[in-house]
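A structural walkthrough
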Amino acid sequence: SGYVLYYLMRLEPYSRLALALQGGRFDKADRLFRSVSSSWRSASEENLQDVRELIPEFFYLPEFLSNSNYFDFGSTQSGVLVHDVELPPWAKGDPRKFVMINRMALESDHVSRNLHKWIDLIFGY
């Protein structure tokens, strides 16, 4: 799906698939996954048609957040170069820390006690 490629475009073979989806070029830099906070704002506040959810890689694969293949994703209209994904301040720029904290949250008692609410929300009663 396009949403999975949106998140995984920095990793092969997903980068090749993203290129194929966009006719041989990466999408416009402004539409690429470049910031966790901007993607969160889009999906939770700004765009009711943005129905992305976190993929499993957010909980085990920090490599998807780094452009270790040095793909040229271009620059946004405001001149920001798209390279590694911008992480929240609490991750201190460390993809491994980001993934580790996400996994700790997912495996927490709070999530275990409330996961059924999310299942009901997504799949209905």
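Now for a description of the structure that goes with this document. (Residues numbered from 1 in each chain as written. Predicted model: local features only at pLDDT ≥ 70, side-chain atom pairs only at ≥ 80, totals over all residues. Heavy atoms only, no water.)

Quick look at the pattern of salt bridges now. In total, this model carries four salt bridges according to the counting rule given. Between Asp27 and Arg31 there is a salt bridge, and its shortest N-O distance comes to 2.7 Å. The shortest N-O distance in the salt bridge between Glu63 and Arg96 comes to 3.6 Å. You can see Glu63 sitting in the loop between α3 (36-46) and α4 (95-106) and its partner Arg96 sitting in helix α4, a full 33 residues away along the chain. Residue classification places Glu63 among the partly exposed residues on the basis of a relative accessible area of 33%. (Salt bridge = Lys/Arg side-chain N within 4 Å of Asp/Glu carboxyl O. Helix = DSSP H or I, 4+ residues; strand = E, 2+ residues; numbered from the N terminus. Buried < 20%, exposed > 50% of the residue type's maximum accessible area, 1.4 Å probe, protein only.)

Below, the discussion takes up a nonpolar patch on the surface. Taken together, the side chains of Leu115, Trp118, Ile119, Leu121, Ile122 and Phe123 make up a nonpolar region of the molecular surface, amounting to roughly 620 Å² of accessible area. You can see Leu115 is positioned in helix α5 (residues 109-123). (Patch = residues over 30% accessible without salt bridge, like charges linked within 9 Å, V, L, I, M, F, W, Y side chains within 5 Å. Areas by Shrake-Rupley, 256 points an atom, 1.4 Å probe, with all protein chains shown as cover.)

Moving on, we get to the side chain of Ser35. Residue position: Ser35 is located in the loop between α2 (14-21) and α3. Ser35 sits in the buried class, given a relative accessible area of 6%. For Ser35, the side chain forms a polar contact with the side chain of Ser37, separated by 3.1 Å. Non-local contacts of Ser35, meaning those with residues more than four positions away in its chain, are made with Val85 and Glu86. (Polar contact = N/O pair within 3.5 Å; in protein donor to acceptor, adjacent residues only side chain to side chain. Contact = heavy atoms within 4.5 Å.)

For the largest pocket, the calculated volume is near 930 Å³. Together, 26 residues line the largest pocket, and Trp40, Glu53, Leu54, Phe59 and Trp118 are the ones closest to its centre. If you list the elements that add at least two residues to the lining of the largest pocket, you get α3, α4 and α5. With seven residues, the top contributor of residues to the lining of the largest pocket is α5. Taken together, the residues of the lining of the largest pocket break down into 18 nonpolar, four polar and four charged. Taken as a whole, the second largest pocket spans an internal volume of roughly 250 Å³. As for the second largest pocket, its lining consists of 13 residues, and the residues nearest its centre are Gly2, Tyr6, Gln22, Asp27 and Arg31. Secondary structure elements with two or more residues in the lining of the second largest pocket: α1 (2-8) and α2. Here the lining of the second largest pocket gets four residues from one element, more than from any other, and that element is α1. Looking at the lining of the second largest pocket residue by residue, the classes come out as eight nonpolar, two polar and three charged. (1 Å grid on protein atoms, 1.4 Å probe; cavity = no way out; pocket = protein on both sides within 12 Å on 5 of 7 lines; lining within 4 Å. Points joined across faces, edges and corners; volume = space filled by probe spheres on them. Nonpolar A, V, L, I, M, F, W, Y, C, P; charged D, E, K, R; others polar.)

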